[in-house]
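Letter by letter, the chains look like this.
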Amino acid sequence: MPADPPSPSASERKPLSMPQKALRKMGLLRPVDMALHLPMRYEDETRLGKLGAARDGDALQFEAVVQSCQVVFKPRRQLQAVVSDGTDMCTLRFFNFHPNMQKALKVGRKVRLRGELRGSFMGYSMMHPTVQPAGAPLAAALTPVYPSTADLPQAYLRKAVQGGLARALQSDVFAETVPRDHLPPHSWALRESLQFLHHPSPDVSLAELEDRSHPAWQRLKAEELLAQQLSQWQAKHDRQLLNAPVLTQSTRADGVLAQLLALLPFKLTGAQQRVVNEIAADVARAVPMHRLLQGDVGSGKTVVAALAAAQCIDAGWQCALMAPTEILAEQHFAKLVGWLAPVLQPLGLQVAWLTGSQKKKERDTMLALVASGEAALVVGTHAVIQDKVHFKVLGLAIIDEQHRFGVAQRLALRQKLSDADSLGAQGAGAAQEPHLLMMSATPIPRTLAMSYYADLDVSTIDELPLGRTPIVTKLVAETRRDEVIERIRAQLQEDRQIYWVCPLIGESEALDLRNATDTHQDLCDALPGVMVGLLHSRMPQAEKKAVMSLFVQGQMGVLVSTTVIEVGVDVANASLMVIEHAERFGLSQLHQLRGRVGRGAAASACVLLYSLGEHGRLSDTARSRLRAMAETGDGFEIARRDLEIRGPGEFLGSRQSGAAMLRFADPTADGELLQWARQIAPLLLDQYPQNAARHVERWLGGKSDFLKA
Ligand code: ADP
Ligand code: MG
């Protein structure tokens, strides 16, 4: 977690002003943070232009004499002035204006104006230009425009940054950490780069500044990528020093693992077998595993988790499995109990269940089972990481759909599980951590995996179980809804089941709900005699469970739901997925949803219903997403396209990882700098460890923990 700012001394305790609060909220506390708050663009106030030489769209500063100035009503009240600079005329328009403005624009006065020029055959015009007296000295450098928020005026922020920058440059906080010989060729010095980016000289190419190809930008990006690589290497290094239980694979025929394998109703795919082996080898080492298991929806990750759990239990340790939603946790629980209970029971062991909605009595019973070690496996939601949960001997923690957990939650999990408390048995001595297995159906493209997850080993299931028929995906306009309902009827005739998913509409849960409720009603009316269920996030847990179990058992033909079913639900008889307003969903979300069907041998289909909206057309990104869905069913290809459409920052998001900490560099576009950072990080840690620590501190301050999560 980011460190709290030092508590204010008595004299500073007066309440913070609005902009001060805003600065804090943006994390701009230390001079170094201010100095690293770089402009997103610049305004050129260093020179004066001429109307005669300007073009439509130019950002122009010029001086001119006021010809006329009056308040007019066309169509609404506005101040309109006409000015001339001798080369041409320009009309200025102000809607909300202060009476002072009329004084400033007195006829005959010469003024300096700055704004965006609009030009048409009617002549030039400018809306709301900045007005100053003519003849004031011109700026010596380009004027920076910083990323800001509504309650933080640009002028205030500019001053704060300038002050912070000056202090930072006076101190040694920006002393070079990388020896000159190891910098990328032709690098600018760090201080010089910072000074320049905040106040570039007017002769610079604005294009180079804007696309961040300027050497000063390159230097800052290199610094940032290096900080990120360093903290990842450090995390890896720190982990190597921790101890973890050695979970050797049991070869006993009556072991939990052997019995589970014998019990499975199917044979593992080659890819499953391979990742099972990778995990088995990892947990048998005394260093905590930190592994991501990625595999497309339906590739069979759950059984891999179960086998790892079995190995852990055979070695005499407990295993915890945490899922992001109660529905999903419940499904895991049901499946794992089915597989493991018969094997565990004769050994006097159980599977425990922990969730937020549990009654106190049941929960206390479960907590006791966990604490005594009688619960060999603990399945649940976030409830698993709550304070009251004490494991006797936790050896392995598994997080399903890990991308659905926030960075802070994952961090809490690791911290919690590493307390001495939860490791009773061998607690004394070196710090201990359980092994950690994270599972995700959202694959991370290679370039990103390389840059962001230096401290993560990745196992990939790249093959689906045999006998799956590919899902046919169709894009259908909302206007053809009736045809879709026909199709549902046909599927119901064949005793198949159908999902119908409605999106989150805007910010309002109420609207979201109404949409799903309306659709539910429509379908009930259109399909008399068919059980049509409704599932949404605001239903009481018990009702959700009841609806879900009717669908799982096959009595319910159609399930209308909001996106609560997105992850993990496994009903093999469901063969049609309809997604309403598909244009509003993200690509990986669509892919996840589609993965709910096609789990059995029957041919399955996914219908993406889209509507064109008020502009009568889809946005470009919506169009690319829908096209990608129609063209491919491969999760890795989907991830690649998603990255292409959204860019890495958004693709990963702050929830997904500390990756959002990259503010300036883009690992896909700045590949060369990334390569450099990957090479230099271990060298710096090895030969200049103090510089490495200083480097991470100045970039990440207290935030570096986030990168490890
Ligand atoms: P996901 O990777 O999306 O979590 P699941 O673990 O839910 O996928 O598996 C999807 C379905 O495939 C489940 O019904 C599971 O029992 C089944 N399954 C898993 N592995 C195999 C296999 N090797 N052969 C046949 N079916 C399998
Ligand atoms: Mg799953």
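Residues numbered from 1 in each chain as written. Chains lettered and ligands numbered in written order. Predicted model: local features only at pLDDT ≥ 70, side-chain atom pairs only at ≥ 80, totals over all residues. Heavy atoms only, no water.

**Looking at the site of ligand 1**
Heads up, the rule is: Near is defined per residue: the residue qualifies when any heavy atom it owns lies within 4 Å of the molecule or strand. In protein, a polar contact requires one atom able to donate a hydrogen and another able to accept it; more generally it is a pair of N or O atoms within 3.5 Å, and residues adjacent in sequence count only if both atoms are side-chain atoms. Calculation of accessible area relied on Shrake-Rupley with a 1.4 Å probe; when residues are assessed, cover is drawn exclusively from the protein chains displayed. Nonpolar residues are Ala, Val, Leu, Ile, Met, Phe, Trp, Tyr, Cys and Pro. Charged residues are Asp, Glu, Lys and Arg, and all others, Gly as well, are polar.
Close to ligand 1 lie 17 residues, the nearest being Gly298, Lys301, Thr302, Arg468 and Asp570. A distance of 2.8 Å separates an oxygen atom of ligand 1 from a polar side-chain atom of lysine 301. Relative to its free-state accessible area of 570 Å², ligand 1 is covered by the protein chains to the extent of 85%. A breakdown of the residues in the shell around ligand 1 according to their chemical character gives 4 nonpolar, 6 polar and 7 charged.

**Some details on empty space enclosed by the protein**
For the record, the criterion: Cavity and pocket criteria rest on a 1 Å grid covering protein atoms alone: a 1.4 Å probe that fits but cannot get out defines a cavity, protein on both sides within 12 Å along at least 5 of 7 lines defines an open pocket, and an atom within 4 Å of a point defines a lining residue. Grid points are joined across faces, edges and corners, and a volume is the space filled by probe spheres set on the points. A run of DSSP states H or I qualifies as a helix once it reaches four residues; a run of E qualifies as a strand once it reaches two. Both are numbered from the N-terminal end. For the domain bounds, the source is a domain assignment made automatically or taken from a database.
The tally for this structure, following the rule as stated, stands at 7 cavities of 30 Å³ or more. What the second largest cavity holds in volume is close to 50 Å³. Ala441, Thr442, Pro443, Ser588, His591, Gln592, Gly635, Ile638 and Ala639 are the residues that line the second largest cavity. Mapped onto the lining of the second largest cavity, the elements with two or more residues apiece are helix 18 (587-594) and helix 20 (635-646). Of the residues assigned to the lining of the second largest cavity, the class counts are 4 nonpolar, 5 polar and no charged. No fewer than three residues from each of domain 2 (256-461) and domain 3 (471-632) sit in the lining of the second largest cavity.

**Concerning the sheet that holds strand 18 (residues 532-535)**
To keep it simple, the criterion reads: At least two DSSP bridges between two strands are needed for those strands to be called paired. In this description, a line fitted to the C-alpha atoms serves as the axis of each element, helices being fitted only across the stretch in contact, and the angle between N-to-C directions of two axes falls anywhere from 0 to 180 degrees. Residue contacts are counted whenever heavy atoms from the two residues lie within 4.5 Å of one another.
Taking strand neighbours across the sheet as the criterion, the 6 strands line up as 16-21-20-17-19-18 in an open arrangement whose pairing is parallel. Each edge of the sheet is formed by a strand with only one pairing partner; in this case those strands are strand 16 (472-477) and strand 18. Recorded for the sheet is a direction-independent mean angle of 20° between the axes of neighbouring strands. Judged from the 6 bridges that link them, strand 16 and strand 21 (residues 605-610) form a sheet pairing that is parallel. In the strand pairing of strand 21, leucine 475 is matched with leucine 608. Each of strand 16 and strand 21 touches helix 19 (residues 620-631); the most contacted strand, strand 16, lies at about 145° to it.

**Quick word on the packing of helix 1 (residues 18-25) against helix 4 (residues 154-170)**
Note the following rule: Our angle categories are set so that under 35 degrees counts as roughly parallel, over 145 as roughly antiparallel, 65 to 115 as roughly perpendicular, and the remainder as oblique. What makes a crossing left-handed is the near helix being turned counterclockwise from the far one by less than a right angle; a clockwise turn instead makes it right-handed.
The interhelical angle for the contact between helix 1 and helix 4, taken along N-to-C directions, is 60°, at an axis separation of 11 Å. By the angle between their directions, the pair helix 1 and helix 4 is classed as oblique. Crossing of helix 1 against helix 4: the hand is right-handed. Note on element contacts: helix 4 touches helix 1 through Tyr156, Leu157 and Ala160, opposite Pro19, Gln20 and Leu23. Partitioning the contact of helix 1 with helix 4 into residue classes produces 5 nonpolar, 1 polar and no charged.

**Some details on the pattern of salt bridges**
Cut-off, in case you're wondering: Each reported salt bridge corresponds to a side-chain nitrogen of Lys or Arg within 4 Å of a carboxyl oxygen of Asp or Glu. Here the term buried applies to any residue with accessible area under 20% of the maximum for its type, exposed to any over 50%, and partly exposed to those in between, with areas from a 1.4 Å probe on protein chains only.
For the coordinates displayed, the defined rule picks out 29 salt bridges. When the shortest N-O distance is used, the salt bridge between glutamate 631 and arginine 641 registers 3.0 Å. You can see glutamate 631 sitting in helix 19 and its partner arginine 641 sitting in helix 20, a full 10 residues away along the chain. With its nearest N and O atoms 3.1 Å apart, the salt bridge here joins arginine 641 to glutamate 637. Highlighted residues: arginine 641 and glutamate 637, both in helix 20, separated by 4 residues, approximately one helical turn. Among the residues examined, arginine 641 registers a relative accessible area of 19% and is labelled buried. Residues joined in a network through salt bridges with shared partners are Arg274, Glu278, Asp282, Arg291 and Asp462.

**Focus on the side chain of asparagine 691**
As for its placement among the helices and strands, asparagine 691 is situated in helix 23 (residues 689-700). A polar contact is formed between the side chain of asparagine 691 and the backbone oxygen of threonine 177, at a distance of 2.9 Å. Those residues in contact with asparagine 691, other than ones at most four positions away along the chain, are Glu176 and Thr177.

**Points about the pairing of strand 20 (residues 574-579)**
Note on strand geometry: in a regular strand, side chains alternate between the two faces of the sheet. To keep things clear, this is the line we draw: Handedness of a crossover: with both strands directed away from the viewer, a clockwise path from the first strand across the helix to the second marks it as right-handed.
Burial of strand 20 is extensive: 6 of the 6 residues sit out of reach of the surface. Pairing of strand 17 (residues 497-501) with strand 20 involves 5 bridges; the strand directions are parallel. Opposite glutamine 497, over in strand 20, you have alanine 574 as the bridge partner. With 4 bridges joining them, strand 20 and strand 21 adopt parallel strand pairing. Residue pairing in the sheet places leucine 576 in a bridge with alanine 605 of strand 21. Handedness of the strand 20-helix 18-strand 21 crossover: right-handed.

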